[in-house]
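# Fold and contact review
The primary structure of each chain is shown beneath.
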Amino acid sequence: IRIAVRLPRVEAVARLACTCRDLHSPAFFEAAMRERTARRGGEVPLPSGRRRRETMVQALCRGERRDCFQRQNKIAAGDYHTVFVSEEGRLMTCGTHSFRDNPQPILGHSELDDEDLQVIGGDSVLVVPRPVAGLADVRVRTVATGYAHTLAVSEAGAVYSFGLGESGGLGHGNEADQHTPRVIESLRGVRAVAASGGLNHSLVLSAAGEVYSFGAGDGGQIGHDPDSLFVPSRDWHQPQQEVTERLQLTPRVIDSLQGVRVVAVAAGAYHSLLLSEAQHVYSLGGGGATRRSSSRGRTSRFTGPQWTPQICEALRKVNVVAVSGGLGYSLVLSEQRHVYAFGNGSHGELGNGRDHSSTLYEFTSDGMQQINARIRAQQRALATTDAFGRHGFDPLFHSSTLADEAVPRLIESLGGVRVVGISAGGSMQTGGTGHSLVLSDEGQVYSFGHDGYGELGRNYDNKSEALPTSVPDVVETLRGTRVVEIAAGG
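So, here is what we can say about the structure in this document. (Residues numbered from 1 in each chain as written. Predicted model: local features only at pLDDT ≥ 70, side-chain atom pairs only at ≥ 80, totals over all residues. Heavy atoms only, no water.)

## Here's the deal with the overall build of the chain
What counts is decided by this rule: For the purposes of this entry, the term helix denotes a DSSP run of H or I that reaches at least four residues, the term strand denotes a run of E that reaches at least two, and both are numbered from the N terminus. Buried, partly exposed and exposed residues are distinguished by accessible area as a fraction of the type maximum, computed with a 1.4 Å probe on protein chains only: under 20%, between the cut-offs, and over 50%, respectively. Contacts are residue-level and defined by heavy atoms, with any inter-residue pair within 4.5 Å sufficient.
Looking only at helices and strands, the chain has 5 helices and 28 strands in total. Going through the 490 residues of the chain one by one, you find that 54% of them count as buried. For the chain, the proportion of contacts with a sequence separation of at least 24, taken over those separated by at least 6, is 57%.

This is how it looks when you write it as structure tokens:
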């Protein structure tokens, strides 16, 4: 049993059981799996939590595989910063400290010496990760980042936040920036186990499987009735302009999920994904998009927010173990190690072999021909609408293209890869681009999507070759290095 407990993967335990007479006994095998579960801090499934006709051994094996995919994040990346959790549980950050001479609250440090910073493009940047002094006495369990804010969950289950406070994404009851970590008071008494950050909204998962959300809610991304949300008064709004902002300034349970135990959360820029214990994917948000594809995985063209979580029907029969939300798109990982993608694919972030250049052409029996007038007319009509409502992006950039996927689509080129990790990113700095990372069980990293700033880790002879790629490929510069965790930022 001691040997079985120390094996790296549950598959190895199963192979050992086939060759060892003692472990071949269900009682010994169950004892070994119970010990493995206890050592990693997992929960032994109750009879009510097991599938029909599933034995305890099978449930324990399934739980270990699930926990492998839903591991605690020790690294995370935003648009302007990166955060790390050391082996000792210390939170460390690096990235942009100030834009020109305007200090930013993104890194969580009360002050930094000039010798710690480098000037890059006129901005002051902390290039070497530095421990966050405000959490020196806190052992951090997992970490998450949004566009320009950070959420840290301690081993004790407390949640700390810092960064830009726009729209209430920090959960402190206001929109003030927070330069140093501050515990979210309204979550005292709640034992948090995970968190996720979007553009201006945040999600927190409790040990009881409840989801708390806060921040921007005008796109439906936090799952609350819009009439119950705070409407701020903005001086910059024109009198004739309708105020569309809806904010939740403190964490609040998503009531419509009552009876659903959630085991993982993922906040995209304007949408959210939730994974239930039954391995169903719930999606919400995405308001303002008027496109044929959807980061929520819906088949129909939609023009407004999805205010409450809904099951993604296309994934109902897929045993999902992990979800990740990016800028207008989503990635999903199945128990069979398959990766599905849906949403905006204009820069190849869906890995489906198509990008924005696919808009005007298609393959026919006569070769590559320009697409018909009907499709072009539809695209022109869609291109006249800002894909994300009030945020003012170039509508032509967000037009519906043949690279988009309205429903989850299997990334076939990863068919021979045993995937254990997925991460969807997206940058607001570049006007709205996405890139994706995938991690194999052998520690290899695959990347695809936008590469204007070297996001994909490819080695190009000249920068003009750094074009978006819609086909996943191994990051060659990491060959020989066994990677254990990935994070796609801005």
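## Some details on the pairing of strand β21 (residues 339-343)
As a reminder of what qualifies: Paired strands are those between which DSSP finds at least two bridges.
The buried fraction of β21 amounts to 5 of the 5 residues, a majority that puts the element mostly inside the structure. Burial of β21 is two-sided: the residues Val339, Ala341 and Gly343 facing one way and the residues Tyr340 and Phe342 facing the other way are all buried. Connecting strand β20 (residues 329-334) to the next strand, β21, in antiparallel fashion are 4 residues, including Arg337 with a positive phi near 70°. Where β21 and strand β24 (residues 405-410) come together, 3 bridges link them in antiparallel fashion. Residue pairing for β24: Gly343 is matched across the bridge by Glu405.

## Description of a negative patch on the surface
How we decide: Patches here are clusters of residues that have more than 30% relative accessible area and form no salt bridge, with a 9 Å joining cutoff for like charges and a 5 Å cutoff for nonpolar side chains (Val, Leu, Ile, Met, Phe, Trp, Tyr). Accessible surface is estimated by sampling points in the Shrake-Rupley manner with a 1.4 Å probe; for residues, cover comes only from the protein chains shown. For salt bridges, the criterion is a side-chain nitrogen of Lys or Arg within 4 Å of an Asp or Glu carboxyl oxygen. For the purpose of charge, His is not counted, nor are the chain termini; Lys and Arg are scored as positive and Asp and Glu as negative. A single reference atom marks each charge: NZ on Lys, CZ on Arg, CG on Asp, CD on Glu.
On the surface, Glu111, Asp113, Asp114 and Glu115 cluster together into a negatively charged patch. Relative to the elements of secondary structure, Asp114 occurs in the loop between β4 (102-103) and β5 (118-120). Owing to a relative accessible area of 66%, Asp114 belongs among the exposed residues under this scheme.

## Some points on the sheet that holds strand β15 (residues 262-267)
Applicable threshold: Inter-axis angles, ranging from 0 to 180 degrees, are taken between N-to-C directions of lines fitted to C-alpha atoms, where helices are fitted over the stretch in contact.
Spatially, β15-β16-β17-β18 is the arrangement adopted by the 4 strands of the open sheet, whose pairing is antiparallel. Where the open sheet ends on each side, the last strands, each with one partner, are β15 and β18 (306-311). Put simply, the sheet's adjacent strands are angled 15° from each other on average, direction ignored. Where strand β17 (residues 281-285) and β18 come together, 3 bridges link them in antiparallel fashion. Bridging from a neighbouring strand, Gly285 pairs with Gln306 of β18.

## Section: the pattern of salt bridges
One pass over the structure, following the stated rule, counts 8 salt bridges. The shortest N-O distance in the salt bridge between Glu185 and Arg188 comes to 2.5 Å. Using a relative accessible area of 44% as the deciding quantity, one classes Glu185 as partly exposed. With a closest N to O distance of 3.8 Å, Arg261 and Glu277 form a salt bridge. A residue pair is termed long-range when its members are at least 10 positions apart, and Arg261 in the loop between β14 (247-253) and β15 and Glu277 in the loop between β16 (271-276) and β17 qualify at 16 residues. For Glu277, a relative accessible area of 34% corresponds to the partly exposed category.

## Focus on the pairing of strand β13 (residues 211-216)
Counting buried residues in β13 gives 6 out of 6 residues, a clear majority hidden from the surface. Where strand β12 (residues 201-206) and β13 come together, 5 bridges link them in antiparallel fashion. Bridge assignment links His201 to a residue of β13, and that residue is Gly215. As paired strands, β13 and β14 are joined by 4 bridges and run antiparallel to one another. Across the sheet, residue Ala216 finds its bridge partner in β14, namely Leu247.

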